[in-house]
Amino acid sequence: MIDTHVHINFDMFVPDINAVAERWRKAGVVRLVHSCCHPQEFASIKELAERFSELSFAVGLHPLEADKWTSSLQLQIRDLASSDSRVVAIGETGLDFYKADNKEMQKAAFISQLEIAQMLDLPVIIHCRDAAATMAEILRDFWARKGPVRGVMHCWGGTPEEMEWFLELGLYISFSGIVTFKNANQIQESARRVRSDRLLIETDCPFLAPVPKRGKRNEPAYVRYVAEKIAALREVSLETIVTQTTENACQLFRF
C-alpha cells in the first residue's frame, strides 16, 4: 500500500518514530507521501526522508497559511521543489473556507502554486474544505487558460456530485479515515462511485484515525483500515483495492 498523505514530522511522533515505521512496514505500507503545510517544514521532512527510504514528499503552503503568501515564498517553493528528486508534488495547497474567510488570499496563493506545479511538471496535493464550487471554478479557468495540472483531492469530504466535477478535470480522489466513520454517508457513497483508476488512500496522520482506532493518534499503518472499508463498500477484495490504489499512486506521483 501507499499512504499518499502523511504528516509524521509533528512533535508527537518524535518519541516513537522508529516503532511507527516498524508498524507501517509490518502493515504492508511500501511508500508514503509527506505533505507540507509551510516551506519552513522542508528541512524536517527532508531529514525524515533521509532516515526512511519509503518517504517521498511535497513542498507548498497550506490554505490556512495563505496570509503569509509572498512572491519570495513563491520562489522558495519553486526552488525547494527543484532541489531534491524526492519532491513528488506541490502542496498541500488549496482552499479552506471552513476555518478562514480570507478567500482572495487563499485563491492567489493557490493559483500561484498551480503555476509552480505546471512549470515543474509536478502534481498538486489539493486541500478543499467548504469550497468545492470555488475550487472547481478556479481549476476550470486555469485549465482553459494554461492547460491541466495533475493532482489529487486529498482527504475527500465532499458530495458524490462534487467529486464528479474533479474527476472530469482529471484529478484523483483520496479517501482518509473519515470513510470509516459511522455517519460519513456522502463520503462512503463517493467511495462506491469513484472510478477505479482515480482512487487513492491516505491517513492524513496524525489526524482522523479510522475506526477502530478513532480518537487515537493516527499513523501510516492504519491506512489498511481505509483500504478495508473501501473494499467492503465497493464489494471487492482488499487485494483489489491495494493493487489499484498502489498503481494509481505510482501513476500520479511517477514512482
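Residues numbered from 1 in each chain as written. Predicted model: local features only at pLDDT ≥ 70, side-chain atom pairs only at ≥ 80, totals over all residues. Heavy atoms only, no water.

1. As for the sheet that holds strand β6 (residues 151-153)
Spatial strand order, β1-β2-β3-β4-β5-β6-β7-β8: eight strands in an open sheet with parallel pairing. Unpaired on one side and paired on the other, β1 (2-6) and β8 (199-201) mark the two borders of the sheet. For this sheet, the mean inter-axis angle between neighbouring strands, taken without regard to orientation, is 30°. Inspection of the sheet shows β6 paired to strand β7 (residues 172-175) by two bridges, in the parallel sense. Across the sheet, the residue bridging to M153 is I173, located in β7. Packed on one face of the sheet, helix α4 (residues 103-120) meets β4 (87-96) and β5 (124-129) and runs near 160° to β4. On top of the sheet, helix α8 (residues 223-234) reaches β1, β7 and β8; it is set at about 145° to β8, its chief contact. (Pairing = 2+ DSSP bridges. Helix = DSSP H or I, 4+ residues; strand = E, 2+ residues; numbered from the N terminus. Axes fitted to C-alpha atoms, helices over the stretch in contact; angles between N-to-C directions. Contact = heavy atoms within 4.5 Å.)

2. Notes on helix α5 (residues 132-146)
With 15 residues, α5 should cover 21 Å at 1.5 Å per step; its first-to-last C-alpha distance of 21 Å lies within 8% of that length. When α5 is considered as a whole, its buried residues turn out to be A132, M135, A136, I138, L139, F142 and W143. Down the axis of α5, the buried set is contained in an arc of 165°. They therefore lie on one face. α5 presents E137 and A144 as exposed residues on the side facing more than 90 degrees away from its buried surface. On its buried face, α5 sits against β4, α4, β5, β6 and α6 (160-168). Count one or two residues on from α5 and you reach G147, which has phi positive near 100°. (Expected span 1.5 Å × (residues − 1). Buried < 20%, exposed > 50% of the residue type's maximum accessible area, 1.4 Å probe, protein only. Arc of directions from axis to C-beta.)

3. With respect to the side chain of T93
Among the structural elements, T93 can be located in strand β4. Overall, T93 belongs to the buried group, its relative accessible area being 1%. With near-sequence residues (within four places) excluded, T93 lies in contact with L61, P63, A109, F110, Q113, I125, I126 and H127.

4. Focus: the pairing of strand β2 (residues 31-34)
Taken together, the three bridges between β1 and β2 define a ladder with parallel strand orientation. Bridging from a neighbouring strand, V6 pairs with H34 of β2. In the sheet, β2 pairs with strand β3 (residues 55-59) via three bridges, with the strands oriented parallel. Bridging from a neighbouring strand, H34 pairs with F57 of β3. Following the chain from β2 across helix α2 (residues 42-51) to the adjacent parallel β3, one finds a crossover that is right-handed. (Right-handed = clockwise from strand over helix to strand, strands pointing away.)

5. Let's talk about the pairing of β1
Every other side chain in a regular strand lies on the same face of the sheet, so the side chains alternate between the two faces. Judged by how many residues are buried, β1 sits mostly within the fold: five of five residues are covered. Read as a crossover between parallel neighbours, the route from β1 over helix α1 (residues 17-27) to β2 is right-handed.

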